[in-house]
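Results of the structural survey
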Amino acid sequence: MKGPGQRSTNALVVLILATMPFWMQYVGGYTELATQVLVMALAAMSLNFLLGFTGTLSFGHAAYFGLGGYGVAMIIKYIAPSTPLGILVGVAVGTIAAMVIGALIIKLRGVYFAMVTIAFGQVFFFIAFRWNSVTGGDDGLTNWKRQALDLGFTRVELLDHALTFYYFVLLIFLLAAACMALILRSPFGRTLLAIRENERKARFLGIPVEHHLWLSFVISCAFCSLAGTLYALLNNFIDPRALYWGQSGNFVIMAVLGGMRSFWGPLVGAAIFVVLQDFISSRTENWMSFVGLFFVLIVLFFPRGVLGMIRRRSSQ
Amino acid sequence: MSLLRVENATRAFGSLVAVNDVSLSVAPGKLQAVIGPNGAGKTTFFNLISGFFPPTSGKIYFDGKDVTGLAPHQRVQMGMARTFQITEIFPELTVRQNLRIPVEVAAGLRLRPWISRRMRDEIDARVVELMLQGNLEDKANRLVGELSHGDQRATEIMMALALKPRLLLLDEPTAGMGDQETYDITRLIRKLHREQSLAIVLIEHDMRVIFHLADRIMVLTEGRVLADGTPDEIAADERVQAAYLGESH
Ligand SMILES: Nc1ncnc2c1ncn2[C@@H]1O[C@H](COP(=O)(O)OP(=O)(O)O)[C@@H](O)[C@H]1O
Ligand SMILES: [Mg+2]
């Protein structure tokens, strides 16, 4: 997990992300696509906090992603035109929902846990879908825009400056990633690893497993709602599809695609997923079946994900 | 006063009464052996003591407090640690990582999202100390799953010790081992018992190990206590000879 190469890997990742808007066009992309990679990567990494490092599969992370998105959208549209306030409230809403739902489902394991996370996720989907007057229903929440940042001494325009917004998202992404990495390398993070490896043993080493699982779930969902707020800000729009269980499935695909045992794996998975989605969906309607096929091939031939495969090659 | 007191513990699985009205008292620093044929209820008895499941009836006291309704991690916190008949470790983690987790739990750090450098050095030092005690220092960075059965056992015992227990429950620590490994583990247990005045309850099949180590021996058959006494008393007990020792010689 750590190893001597960790520091240089991190530096490489930061370098690649910091320059991404400048070379994105050469792989058929554009600045907003680069931003989308970051947003999806943050969501996939937050899911992987739970999946890869605690050993628990959630199929309902879109719920928290969407709650974050609706949170920021509603604050800006209805309450106060402030991007930071919107982000804070969006994250708070997603986190509180995760605290409540987490407490209800934390005794479940494996497939049962995954199923119930889907079910709870769908509850939020239907609320967003049906509650027209507030959420805009099927059409989503429109007619609001991300607001400029007021730093006191200067104002940072985010709306018509795709590049500025990219770096705004990158800053948040890196802070969030650093937070998750620190937690995973802490004593608390090691208790999660212990639970992943052998839950019964963890219990008899004095770890209250349910409590730690709950915390891990809440932390994971908090970062996922953060990603959701950025997603809404990127598009100046949010609709119920952000909450749909298919979106949760995409996060899982990204994590597994990139390699769920490596910290940056989901970033690689998200990059592949987002770029591929953009490329194929502009040529065919059935892009999901291509991604599905690609996914099956990866799982068949590289069970450790793309990054896991590269690691293995390079260590041979 | 006794450190562990089990009062009339009974555990039924459906119609099968695996542990039937068993009482036991272990004084601080003593080594209590539990023997009996396969299926006698020894492991079930450990599960009751350590809180894996509750007794159908009866009470468990640790350090004078009723712990019958407490969860395993709460009993660990009070100073009770156990190993399992079938080794339970983190096979995909290194020896160092395996030991580090219980060391951090024992230091009260399990909820810490960060630790200071000084704290980390202390943890590292304690991990090294445990590896030295368990003769594992040259395997520090090996995955535990790749080690020999004996070294896995030693790792598991050291993980339990990392919790700084006052009572250690060992379920057949030498099961499935060759002579050399059995000897090594026995020596380790004796050393820990002597040097740290640790109370130990030991389930064991190997009679040489038992009579070598135990202060007291309890014999279980079909869930009931057949005899409980010093090694000499047990060796002289006719019922034990007839029911248990007799058939294995
Ligand atoms: N969880 C359980 N569910 C049902 N039966 C069990 C369970 N655990 C143990 N038993 C039964 O209880 C009896 C005692 O088992 P055990 O305590 O493992 O014996 P020992 O450790 O002395 O070999 C056996 O008949 C076993 O099948
Ligand atoms: Mg047994």
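Quick notes on the rules
Residues numbered from 1 in each chain as written. Chains lettered and ligands numbered in written order. Predicted model: local features only at pLDDT ≥ 70, side-chain atom pairs only at ≥ 80, totals over all residues. Heavy atoms only, no water. Helix = DSSP H or I, 4+ residues; strand = E, 2+ residues; numbered from the N terminus. Rg over C-alpha atoms; globule rule 2.2 N^0.38 Å. Buried < 20%, exposed > 50% of the residue type's maximum accessible area, 1.4 Å probe, protein only. Contact = heavy atoms within 4.5 Å. Areas by Shrake-Rupley, 256 points an atom, 1.4 Å probe, with all protein chains shown as cover. Lys, Arg positive; Asp, Glu negative; His and termini not counted. Charge placed at Lys NZ, Arg CZ, Asp CG, Glu CD. Donors = N, O, S within 2.8 Å, 3.2 Å for Na, K, Ca; no water. Near = heavy atom within 4 Å. Polar contact = N/O pair within 3.5 Å; in protein donor to acceptor, adjacent residues only side chain to side chain. Axes fitted to C-alpha atoms, helices over the stretch in contact; angles between N-to-C directions. Parallel < 35°, antiparallel > 145°, perpendicular 65-115°, else oblique. Left-handed = near helix turned anticlockwise from the far one by under 90°. Nonpolar A, V, L, I, M, F, W, Y, C, P; charged D, E, K, R; others polar. pLDDT = per-residue confidence, 0-100. Buried area = accessible area lost by both parts, 1.4 Å probe. Salt bridge = Lys/Arg side-chain N within 4 Å of Asp/Glu carboxyl O. Expected span 1.5 Å × (residues − 1). Pairing = 2+ DSSP bridges.

Counting its regular elements, chain A contains 14 helices and two strands. The C-alpha atoms of chain A give a radius of gyration of 19 Å, which matches the 20 Å a tight globule of 316 residues would have. Overall size of chain A, expressed as C-alpha extent along the three principal axes, is 55 × 45 × 45 Å. Out of the 316 residues in chain A, the part that is buried amounts to 53%. A fraction of 76% describes how many contacts in chain A between residues 6 or more apart in sequence connect residues 24 or more apart. Within the structure as shown, chain A displays about 14000 Å² of accessible surface, and the carbon and sulfur contribution to it stands at 66%. Seen as two clouds, the 22 positive and the 12 negative side-chain charges of chain A have centres 16 Å apart.

Within chain B, the secondary structure is distributed over nine helices and ten strands. In terms of C-alpha radius of gyration, chain B reaches 18 Å, essentially the compact-globule figure of 18 Å for 249 residues. The dimensions of chain B, computed from C-alpha atoms along their principal axes, are 60 × 40 × 35 Å. Within the span of chain B, comprising 249 residues, buried residues form 55% of the whole. A separation of at least 24 residues holds for 66% of the contacts in chain B among residues at least 6 apart in sequence. Charge-centre separation for chain B: the mean point of 29 positive side chains lies 7 Å from the mean point of 32 negative side chains.

The next thing to look at is the coordination of the magnesium ion (ligand 2). Residue and element names in this part refer to chain B. In the first shell of the magnesium ion (ligand 2), the protein supplies Thr43 (OG1) and Gln85 (OE1), at 2.0 to 2.1 Å from the metal. Highlighted residues: Thr43 in helix α1 (residues 42–50) and Gln85 in the loop between β6 (80–82) and α3 (95–106), separated in sequence by 42 residues. With relative accessibility at 31%, the residue Gln85 sits in the partly exposed group.

Here we take up the site of ligand 1. Residue and element names in this part refer to chain B. Near ligand 1 the following residues occur: Phe13, Leu16, Ala18, Pro37, Asn38, Gly39, Ala40, Gly41, Lys42, Thr43 and Thr44. A distance of 2.8 Å is found between an oxygen atom of ligand 1 and a side-chain nitrogen or oxygen belonging to Thr43. Thr44 is positioned with one of its side-chain polar atoms (N or O) 2.6 Å from an oxygen atom of ligand 1. Compared with its free state, where it exposes 550 Å², ligand 1 has 60% of that area covered by protein. Within the residue set of the shell around ligand 1, elements represented by two or more residues are β2 (16–26) and α1.

Bringing the packing of helix α2 (residues 31–51) of chain A against helix α7 (residues 162–184) of chain A into the picture now. Residue and element names in this part refer to chain A. Two elements in contact, α2 and α7, have axes whose closest approach is 9 Å; the angle formed by their N-to-C orientations is 15 degrees. Here α2 is positioned roughly parallel relative to α7, judged by the angle of their axes. Crossing hand, α2 versus α7: left-handed. Side by side, α2 and α7 meet where Thr31, Glu32, Ala34, Thr35, Leu38, Val39, Ala41, Leu42, Met45, Ser46 and Phe49 of the first sit next to Ala162, Leu163, Phe165, Tyr166, Val169, Leu170, Phe173, Ala176, Ala177, Met180, Ile183 and Leu184 of the second. Class assignment for the residues of the contact of α2 with α7 results in 19 nonpolar, three polar and one charged.

Quick look at the confidence of the model for chain B now. Per-residue confidence for chain B averages 93 on the pLDDT scale, and 98% of its residues sit at or above 70. Across the interfaces of the predicted complex, the ipTM metric reaches 0.93, alongside a pTM of 0.93.

Turning our attention to the interface of chain B and chain A. Tallying the contact residues gives 27 residues for chain B and 24 residues for chain A. Note on chain B versus chain A: buried area summed over both sides is about 2400 Å², and carbon and sulfur give 67% of it. Where chain B packs against chain A, one counts three salt bridges. Residue Glu104 of chain B pairs with Arg190 of chain A through a salt bridge whose shortest N-O separation is 2.6 Å. Linking chain B to chain A there are nine residue pairs in polar contact (both at pLDDT 80 or more). Mapped onto the side of chain B that touches chain A, the elements with two or more residues apiece are α2 (72–78), α3 and α5 (149–162) of chain B. In terms of residue count, α3 of chain B provides more of the side of chain B that touches chain A than any other element does, five residues in total.

Okay, α3 of chain B next. Along its twelve residues, α3 of chain B runs 17 Å from first to last C-alpha, staying within 8% of the 16 Å computed at 1.5 Å per residue. Most of α3 of chain B sits inside the fold, with nine of its twelve residues counted as buried. Taken together, the buried positions of α3 of chain B are occupied by Val95, Asn98, Leu99, Arg100, Ile101, Pro102, Val103, Glu104 and Val105 of chain B. Looking at the buried side of α3 of chain B, the elements it contacts are α8 (187–197) of chain A together with α4 (117–133) and α5 of chain B. At the C-terminal side of α3 of chain B, Gly108 of chain B shows a positive phi close to 75 degrees.

All names here are of chain B. A sheet is described by the order of its strands in space; here four strands give the open sequence β2-β1-β4-β5, paired in antiparallel fashion. The open sheet has two edge strands with one neighbour each: β2 and β5 (65–66). Summarising the sheet, strand β4 (residues 57–62) and β5 pair through two bridges and their orientation is antiparallel. Residue pairing for β5: Phe62 is matched across the bridge by Lys65. Docked against the sheet, α1 engages β1 (4–13), β2 and β4, running at close to 120 degrees with respect to β1.

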